[in-house]
Amino acid sequence: QIDADSTDMVNVALNGSDWEIVETLNINADQLAWVCLTVPAGNSGEATLTVNQTAVATVDVIDPPRTFDPPDMTITRDVSFDEIARLVGADVPATVAINAPLEVTLVWQALTTTPETSYTVFVQVLADDGRVLAQSDSLPANANRPTISWLEGEYIIDTHTLNWNVTDYVGEATLIAGLYDAENGFQRLTTIDDATFANITDRLQISE
């Protein structure tokens, strides 16, 4: 929160050793405003927060653990979404009971560093008639690794627990996944084939 005091132009900056983020606010005097500053991916260490070039705080920036070696996975895929992310595989149970928790782990590889948009991942179980039997929508890794934090080439482990929409389905189903922009009409990223999702498996067996 920032007290604008007697000016309607406020420059808020976070300065690291070799990077800087600046946000300019136009606010009324004595108005409080929230500011969100996104640190470029791959940076860590001490940073100084300034308001109108006056230092107001020192913060420690912590870069999340990263892996650039492909992890083990039971299903391998190679589906790229708009040069942002590549779905390289997943861990999926062979059989799941209806209404039992369904945990699916996706493995993404970042195709670019710090995209401007924070994309939401969706995972869905589809019946043959297109019904969505179960689904999950969340930022990657339970919001701990949003796409704006990715570095090109790194692998992101992204686990989802799907919620069931039905209670009476038995048989095979299809598992799909993709990404969308929740701030832009839920527009989905597309693949090289102009699909809006990746097919992970069409042999997910659902039992009673």
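Positions within a chain are numbered from 1, following the residues in the order the chain's sequence is written. Side-chain atom pairs in this predicted model are given and counted only at pLDDT of 80 or more, local residue features only at pLDDT of at least 70, and totals for whole chains, interfaces and linings cover all residues. The side-chain values count all of the structure's non-hydrogen atoms but skip hydrogen atoms and water molecules.

Asker: Is there a simple way to explain the pattern of salt bridges in this structure?
Answerer: Close approach of charged atoms allows side chains of opposite charge to pair. The working definition used for a salt bridge is a side-chain nitrogen of Lys or Arg within 4 Å of a carboxyl oxygen of Asp or Glu. Summed over all chains, the structure comprises 5 salt bridges. Note that aspartate 129 and arginine 131 form a salt bridge whose closest N and O atoms lie 3.0 Å from each other. Among the residues examined, aspartate 129 registers a relative accessible area of 54% and is labelled exposed. Buried means the residue's accessible area, taken with a 1.4 Å probe over protein chains only, is under 20% of the maximum for its type, while exposed means over 50%, and partly exposed covers the values in between. Here arginine 131 falls in the partly exposed class, since its relative accessible area comes to 38%. Ionic pairing is found between glutamate 154 and arginine 145, a salt bridge with its closest N-O pair at 2.7 Å. Given the relative accessible area of 0%, glutamate 154 is considered buried. Because the salt bridges share partners, they merge into one network encompassing Asp63, Arg66, Arg145 and Glu154.

Asker: When you look at the nonpolar core in this model, what are you seeing that I'm missing?
Answerer: One broad rule of soluble globular proteins: the nonpolar side chains tend to lie buried together. To qualify as a nonpolar core, a set must consist of buried Ala, Val, Leu, Ile, Met, Phe, Trp, Tyr and Cys residues joined through side-chain atoms within 4.5 Å. Of all hydrophobic cores here, the largest spans 37 residues; its most connected members are Leu106, Trp108, Val125, Leu133, Ile200 and Ile206. Comment: elements are numbered from the N terminus, with helices defined as DSSP H or I runs of at least four residues and strands as E runs of at least two. For this core, the secondary structure elements donating two or more residues are β7 (75-81), β8 (85-91), β10 (102-110), β11 (120-126), β12 (132-138), β13 (155-164), β14 (171-181) and β16 (198-207). For this core, the element with the most residues is β10, which contributes 5 residues. The contact criterion used is simple: two residues touch if any of their non-hydrogen atoms lie within 4.5 Å. When residues no more than four places from it in sequence are discounted, the contact partners of isoleucine 206 are Val96, Ile98, Val125, Leu133, Trp164, Tyr169, Val170, Gly171 and Ala173. Listed in part, the 6 residues of the second largest apolar core include Val10, Val12, Leu25 and Val51.

Asker: Looking at this structure, how should I read the sheet that holds strand β2 (residues 9-15)?
Answerer: Paired through their backbone hydrogen bonds, the strands of a sheet run either parallel or antiparallel. Overall, antiparallel pairing links the 4 strands, which are arranged β3-β2-β5-β6 in an open sheet. Only two strands of the sheet have a single partner each, and these edge strands are β3 (20-26) and β6 (54-61). With direction set aside, neighbouring strand axes in the sheet form an average angle of 15 degrees. A pair of strands is treated as paired once DSSP finds two or more bridges between them. The angle between two axes is taken between their N-to-C directions and runs from 0 to 180 degrees, where each axis is a line fitted to C-alpha atoms and a helix contributes only its stretch in contact.

Asker: Would you mind going over the pairing of β2 with me for this structure?
Answerer: Examined bridge by bridge, β2 and β3 share 7 bridges and lie antiparallel to one another. The partner of valine 12 across the bridge, within β3, is glutamate 23. The antiparallel hairpin formed by β2 and β3 contains 4 residues in its connecting segment. As judged from the 4 bridges shared by β2 and strand β5 (residues 45-51), these two strands associate in the antiparallel manner. Bridge assignment links asparagine 15 to a residue of β5, and that residue is threonine 48.

Asker: Quick question: what am I supposed to make of the side chain of threonine 201 here?
Answerer: With respect to the secondary-structure elements, threonine 201 resides in strand β16. When near neighbours in sequence (up to four residues on either side) are disregarded, threonine 201 contacts Ile75, Arg77, Ala173, Thr174 and Leu175.

Asker: Looking at this structure, how should I read unusual backbone geometry?
Answerer: Excluding glycine, most residues fall at negative phi; most peptide bonds, likewise, are trans. Phi at alanine 141 takes a positive value of approximately 55 degrees, unusual for a residue other than glycine. Take alanine 141: it is sitting in the loop between β12 and β13. The backbone of asparagine 142 sits at a positive phi, close to 55 degrees, despite the residue not being glycine. Topologically, asparagine 142 is positioned in the loop between β12 and β13.

Asker: Would you take a moment to explain the environment of proline 101 for this structure?
Answerer: Residue position: proline 101 is located in the loop between β9 (95-97) and β10. Proline 101 sits in the exposed class, given a relative accessible area of 69%. Put simply, proline 101 and phenylalanine 197 are 96 residues apart on the chain and 22 Å apart in space, counted from C-alpha to C-alpha. In this structure proline 101 touches Val96 and Thr161, once residues within four positions along its chain are discounted.

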